[in-house]
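Below are the chains, spelled out letter by letter.
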Amino acid sequence: MRIEVLTLFPEMFNSLNVGILKKAQDNGLFSVNVTNIRDYSLDKHHKVDDTPFGGGAGMVMAPQPLHDAICSIDKEHVCRRIYLSPKGKTLSQSKVEELSKEKNLMFVCGNYEGIDQRVIDLDIDEELSIGDYVLTGGELPAMVTINAVVRYIDGVLGNSESVNEESFSNGLLEYPQYTHPQEFEGLKVPEVLLSGNHQNIAKWRYEKQLEITKERRPDLLK
């Protein structure tokens, strides 16, 4: 998978070059190419924002640098172009799995009060949000989305079963996990997990999923 990122703060994406994600990139499973939008500004000071028509607080990212950057990097529009925005549809596990099947993705990170609507109309395929709150820019939402998506690429995780036995994989939150020692600070591992009876273990885990989901996310049970 090829991932293109357009941002005013390329250095923020250095965090994608650690741990599992770095190893996966080194193995050629996906690539992340980060472009500074300012490099496409025709202004001598590399200005990328301006005051909004109609008035209002803050500044808006101007169309020219962003439009030129998008068209230069993705001339044939082979990328699925995503703008990270509080106005977008909320990112879900089903959307993550859908995006993981794409060969080319582009994430456009806005800042200030957002980007000129004409860039959205001309160049963007969809808007995505990671929740009902506002951040200073689209960089963190882009990183969250990339992290979630690339986990579904074959070979990125050491154990391919990991994505099948976690929260949301079957519509429920994940069951509790335990490891050695069997007792820690007076708390013991549930006996059923030590029994070796896989049928009982599966039943216990499913019941715990239902219990936790009902308590924390009852909306998922619908």
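Use the structure listed above.
Structure report, in brief. (Residues numbered from 1 in each chain as written. Predicted model: local features only at pLDDT ≥ 70, side-chain atom pairs only at ≥ 80, totals over all residues. Heavy atoms only, no water.)

Examining the pairing of strand β6 (residues 104–109)
Here's step 1: Summarising burial for β6: 6 of the 6 residues are buried, a large majority.
Here's step 2: The alternating pattern of β6 places Asn-104, Met-106 and Val-108 and Leu-105, Phe-107 and Cys-109 on opposite faces, both of which are buried.
Here's step 3: Both strand β1 (residues 2–7) and β6 contribute to a ladder of 5 bridges, which runs parallel. Residue Arg-2 lies in a different strand from β6, and its bridge partner there is Asn-104. (Buried < 20%, exposed > 50% of the residue type's maximum accessible area, 1.4 Å probe, protein only. Helix = DSSP H or I, 4+ residues; strand = E, 2+ residues; numbered from the N terminus. Pairing = 2+ DSSP bridges.)

Things to note about helix α2 (residues 63–73)
Here's step 1: When α2 is considered as a whole, its buried residues turn out to be Pro-65, Leu-66, Ala-69, Ile-70 and Ile-73. Buried residues in α2, looked at end-on, bunch into an arc of 125°, giving them a common side. (Arc of directions from axis to C-beta.)

Regarding a nonpolar patch on the surface
Here's step 1: Taken together, Phe-9, Met-12, Tyr-133, Leu-135 and Leu-140 make up a surface patch of nonpolar side chains, about 430 Å² in accessible area.
Here's step 2: Positionally, Leu-140 belongs in helix α5 (residues 139–150). (Patch = residues over 30% accessible without salt bridge, like charges linked within 9 Å, V, L, I, M, F, W, Y side chains within 5 Å. Areas by Shrake-Rupley, 256 points an atom, 1.4 Å probe, with all protein chains shown as cover. Salt bridge = Lys/Arg side-chain N within 4 Å of Asp/Glu carboxyl O.)

A short note on the sheet that holds strand β2 (residues 31–36)
Here's step 1: Reading across from one edge, β2-β1-β6-β5-β7 is the order of the 5 strands in this open sheet, with parallel pairing throughout. Lying at the two open borders of the sheet, with one neighbouring strand each, are β2 and β7 (126–129). Taken over all neighbouring pairs, the strand axes of this sheet differ in orientation by 35° on average, direction set aside.
Here's step 2: Packed on one face of the sheet, α5 meets β1, β5 (80–90), β6 and β7 and runs near 160° to β6. (Axes fitted to C-alpha atoms, helices over the stretch in contact; angles between N-to-C directions. Contact = heavy atoms within 4.5 Å.)

Let's talk about the nonpolar core
Here's step 1: The biggest cluster of nonpolar side chains holds 27 residues, and the ones touching the most others in it are Ile-3, Phe-30 and Phe-107.
Here's step 2: Elements with a minimum of two residues in this core: β1, α1 (19–26), β5, α3 (93–99), β6 and α5.
Here's step 3: Examining the composition of this core, we find that 6 residues originate from one element, α5, more than from any other.
Here's step 4: Leu-6, Ile-37, Leu-66 and Ile-124 belong to the second largest nonpolar core, which has 17 residues in total. (Core = buried A, V, L, I, M, F, W, Y, C linked by side-chain atoms within 4.5 Å.)

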